[in-house]
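Listed here are the chains, written in short residue letters.
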Amino acid sequence: MEKILVSGCLIGQKVRYHGGDALFDHPIFEKWIFEKRIIATCPEVSANLTTPRPSSEIIGGNGVHVLHGIAKVFTHTGIDRTNEFIQGANNALSVAKKHNIKMAILKKNSPSCGNKSIYDGTYSSNIIAGIGVTAALLEKNGIAIFNEDEIILADDYLNKLENNQ
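Procedures and definitions
- Residues numbered from 1 in each chain as written.
- Predicted model: local features only at pLDDT ≥ 70, side-chain atom pairs only at ≥ 80, totals over all residues.
- Heavy atoms only, no water.
- Helix = DSSP H or I, 4+ residues; strand = E, 2+ residues; numbered from the N terminus.
- Rg over C-alpha atoms; globule rule 2.2 N^0.38 Å.
- Areas by Shrake-Rupley, 256 points an atom, 1.4 Å probe, with all protein chains shown as cover.
- Lys, Arg positive; Asp, Glu negative; His and termini not counted.
- Charge placed at Lys NZ, Arg CZ, Asp CG, Glu CD.
- Core = buried A, V, L, I, M, F, W, Y, C linked by side-chain atoms within 4.5 Å.
- Buried < 20%, exposed > 50% of the residue type's maximum accessible area, 1.4 Å probe, protein only.
- Contact = heavy atoms within 4.5 Å.
- Expected span 1.5 Å × (residues − 1).
- Pairing = 2+ DSSP bridges.
- Axes fitted to C-alpha atoms, helices over the stretch in contact; angles between N-to-C directions.
- Right-handed = clockwise from strand over helix to strand, strands pointing away.
- 1 Å grid on protein atoms, 1.4 Å probe; cavity = no way out; pocket = protein on both sides within 12 Å on 5 of 7 lines; lining within 4 Å.
- Points joined across faces, edges and corners; volume = space filled by probe spheres on them.
- Nonpolar A, V, L, I, M, F, W, Y, C, P; charged D, E, K, R; others polar.

### Remarks on the overall build of the protein chain
Tallying secondary structure elements over the protein chain gives six helices and eight strands in all. Put simply, the protein chain runs from its N terminus to its C terminus through helices and strands in the order β-α-β-α-β-α-β-α-β-β-β-α-β-α. Expected size for 165 residues packed as a compact globule is a radius of gyration near 15 Å; at 15 Å, the protein chain falls within 12% of this value. Its C-alpha atoms give the protein chain principal-axis dimensions of about 45 × 30 × 25 Å. Of the roughly 8000 Å² of accessible surface on the protein chain, 52% is carried by carbon and sulfur atoms. Treating the 17 positive side-chain charges of the protein chain as one cloud and the 17 negative ones as another, the clouds have centres 5 Å apart.

### Describing the nonpolar core
Of all hydrophobic cores here, the largest spans 25 residues; its most connected members are Leu5 and Leu138. When contributions to this core are tallied by element, the ones reaching two or more residues are helix H4 (82–98), strand E5 (103–106) and helix H5 (133–140). Residue contacts for Leu5: discarding those within four places in its chain leaves Ile39, Thr41, Ala92, Val95, Ala96, Ile101, Met103, Ala104, Ile105 and Leu138. Within the second largest apolar cluster, 20 residues are counted, among which are Ile4, Val6, Ile105 and Ala154.

### A look at H4
For H4, built from 17 residues, the straight-helix expectation of 24 Å at 1.5 Å per residue is met to within 8% by its first-to-last C-alpha distance of 24 Å. Within the sequence span of H4, burial applies to Thr82, Phe85, Gly88, Ala89, Asn91, Ala92, Leu93 and Ala96. Positive phi appears at Asn100, one or two residues downstream of H4, with a value of about 55 degrees.

### Here's the deal with the sheet that holds strand E8 (residues 144–147)
With parallel pairing, the four strands of this open sheet are ordered in space as E2-E1-E5-E8. Whereas interior strands pair on both sides, the edge strands pair on one side only; in this sheet they are strand E2 (38–41) and E8. Each strand axis lies, on average, 25 degrees off the axis of its neighbour in the sheet, ignoring direction. Two strands pair when backbone bridges link them, and strand E1 (residues 4–7) and E5 are joined in this way by two bridges, in the parallel orientation. Bridge pairing links Leu5 to Ala104 in E5. Packed onto the sheet, helix H1 (residues 27–34) meets E1, E2 and E5 and runs at close to 100 degrees relative to E2.

### As for the pairing of E1
Remark: a regular strand shows side chains that alternate across the two faces of the sheet. Going residue by residue along E1, you find Ile4 and Val6 tucked away on one face and Leu5 and Ser7 tucked away on the opposite face as well. By the bridge criterion, four bridges tie E1 to E2 in an arrangement that is parallel. Bridging across to E2, Ser7 finds its partner in Thr41. Crossover handedness for the path E1 to H1 to E2: right-handed.

### Describing the layout of surface pockets
Size it by volume and the largest pocket reaches roughly 500 Å³. As for the largest pocket, its lining consists of 26 residues, and the residues nearest its centre are Arg16, Tyr17, Ser110, Pro111 and Tyr119. Taken together, the elements giving at least two residues each to the lining of the largest pocket come down to helix H2 (43–46) and strand E3 (56–59). In terms of residue class, the lining of the largest pocket is built from twelve nonpolar, eight polar and six charged.

What follows is the structure, encoded as structure tokens:
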């Protein structure tokens, strides 16, 4: 049975920057939980960032740029959290490799987990096309990344994975 890496906040873990969760409720997701497919992680918490913590955004690019040393991750209070975000991405990749994970459902818009969009780095709630640090590293390593709005696409991908075994 294929395992699925999931942002911990989506299963109700209180790990988001504001101390809350982003509990995701969908029949497909509930089925995966029942089947014990879900492996939850929070990259920021795994890198020893506290909950709650100051919100962070990528400045100067996206997660790919952070991994290449071109962009950085800063809190809205000006603290450089780049190293923690890279460490969290590496921690998530280690978990994925340990469980032979080929797909992930990650929190949209997050500077770690966003797969299609992230905040623009101005701390003004503007969203732009881009990828977070963890999503970029996982994708670079061949893991398919989906967000909670792409659950049907993710389920189709899972079915293809399992039918090709």
